[in-house]
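The lines below spell out each chain.
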Amino acid sequence: MTYNKKSVADIDVAGKKVLVRCDFNVPIKDGIITDEKRIVGALPTIKYLVEKGAKVILCSHMGRPHNVFNEKLALDKKEKKKIEALPEEEREAATAAALEKAKGDVKKLSLKPVADRLNELGVKTTLCADVIGPDAQAKAAALKDGEVILLENVRFHAEEEKNDPAFSQALASLAEIYVNDAFGTAHRAHSSTAGVAAYLPAVCGFLIEKEISVMGKALDDPKRPFVAILGGAKVSDKIGVINNLIEKVDTLIIGGGMAYTFFRAMGSPIGSSICEEDKLDLALDMMKKAHDKGVALLLPVDNVIGREYREDTTFMRIYSDAIPDGWMGLDIGEKTQELFSKSLIGAGTVVWNGPMGVSEWPNFASGTRAVAKAVAESGAISIIGGGDSAAAVEQLGYADQMTHISTGGGASLEFLEGLELPGIACLQDKD
Ligand code: ADP
Ligand code: MG
């Protein structure tokens, strides 16, 4: 996959119908959007298209609805299986309840709050009552230059996630150009994230353009020294990322829960720390690989340990990497903070994925805070990938000091693994 994709700025959009896949899957509580980052993130592309006189057709998913726009309201396979597993006398009631829930999804998972918010943010947007149905078709056909409509939740059709060609084609028939700006779903091959590109000229929006240019450059041609910081709960979540980055970095820092699998593999006592027993060989392989490649591998040298996996558990700092029985490592210690921070001085590029401890709990957030500070002060091109990592950096107040915080959790991980993302691979390369 190349990272050099055509963007909306590279094509003529004036007077054209443009289908824009956004990621408007925002958290909503009691009808109120609690975090509008994704909507705000989509504005540059939308406003650009409006200014250029395009006819803008926005499209997004919201949550995981049942397939409610089927002609016969039908339950999906999973739901059916669940019901079939029930005792016979309970099946009828369970089916009725599931169908009732599916009907409720139309209201609960409607994009109406998003349309309202777009209007408040200065983008005059009309919400369609359906996705590819008569209302969407009529509204798309009637669009004037610079006008904006929003299709209903594209996952109201089960065909979306199946990347069904007929559904992709129906979506594509609403427009003349396809713009993908939904980085958060770019690792999914769905109709609206990839399938439509078979039927329309396809380019990226500014959000995806920024994601792939910053992260693509880091992977292809990083400013050195290149340091990767990996943490989080599990080695198994990050095998792909470690494997890809170990080929490219000068220094690899490992913290967070995953460090204890490495210690266990080396025979150090880890108490009741989180550990993946089936990944010990893998941890040793990674250490050998780092050694063979001349990559400096840094592991914690001290820890903050707790009695239990609980926010208010008794905790203390120990001055070693060995964890006594009855305790678990929940954060890196002060010496480790110093060690990691020092290794970041003078870095050219830093890619960070995974907190250094249970950073969502104040008693165990110092390690992540110290590393965030060191990354900010390093002056390096800094890239934060992963949902929890992005949340931690934001919550600790360092977001505006990072070069790039990826908007895609799973998508950014797959990107850092060097995998091909279907929603990006389907877009036209620059000439
Ligand atoms: P991301 O979403 O950025 O990829 P992960 O999901 O891999 O990050 O890791 C975040 C999770 O790791 C958090 O829920 C955090 O509490 C957990 N974690 C970090 N350190 C530890 C630890 N020492 N023990 C248990 N869990 C940890
Ligand atoms: Mg996570």
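Owing to the predicted nature of the structure, the values given are computational and were not obtained by experimental measurement.

**Q** Report on empty space enclosed by the protein, specifying residues and quantitative values.
**A** Where empty space is left becomes clear once a probe the size of a water molecule has been rolled over the atoms. Evaluation of the coordinates by the stated rule reveals one cavity of 30 Å³ or more. Volume-wise, the largest cavity comes out at about 50 Å³. Lining the largest cavity are Asp23, Arg38, Phe183, Gly184, Leu207 and Thr407. When its residues are assigned to classes, the lining of the largest cavity shows two nonpolar, two polar and two charged.

**Q** Requested: an account of unusual backbone geometry, with residues and values cited.
**A** Glycine aside, residues mostly have negative phi, and peptide bonds are mostly found in the trans state. Between arginine 224 and proline 225 the backbone carries a cis peptide bond, its omega angle lying at -5°. Within the secondary structure, proline 225 sits in the loop between α8 (206–220) and β9 (226–230). Although it is not a glycine, aspartate 30 sits at a positive phi angle of roughly 50°. For aspartate 30, the location among the structural elements is in the loop between β2 (28–29) and β3 (32–33). Judged by relative accessible area, which is 75%, aspartate 30 ranks as exposed.

**Q** Got a sec to walk through the pattern of salt bridges? Specific residues and values, please.
**A** Tallying each qualifying case throughout the model produces 28 salt bridges. For the salt bridge of glutamate 161 with arginine 155, the shortest nitrogen-to-oxygen distance reads 3.9 Å. Residue lysine 217 is joined to aspartate 221 by a salt bridge in which the shortest nitrogen-to-oxygen separation is 3.3 Å. Within the structure, one salt-bridge network assembled from shared partners comprises Asp10, Glu209 and Lys430.

Cut-offs applied
- Residues numbered from 1 in each chain as written.
- Chains lettered and ligands numbered in written order.
- Predicted model: local features only at pLDDT ≥ 70, side-chain atom pairs only at ≥ 80, totals over all residues.
- Heavy atoms only, no water.
- 1 Å grid on protein atoms, 1.4 Å probe; cavity = no way out; pocket = protein on both sides within 12 Å on 5 of 7 lines; lining within 4 Å.
- Points joined across faces, edges and corners; volume = space filled by probe spheres on them.
- Nonpolar A, V, L, I, M, F, W, Y, C, P; charged D, E, K, R; others polar.
- Helix = DSSP H or I, 4+ residues; strand = E, 2+ residues; numbered from the N terminus.
- Buried < 20%, exposed > 50% of the residue type's maximum accessible area, 1.4 Å probe, protein only.
- Salt bridge = Lys/Arg side-chain N within 4 Å of Asp/Glu carboxyl O.

Interpretation in functional terms is not warranted from these geometric data alone.
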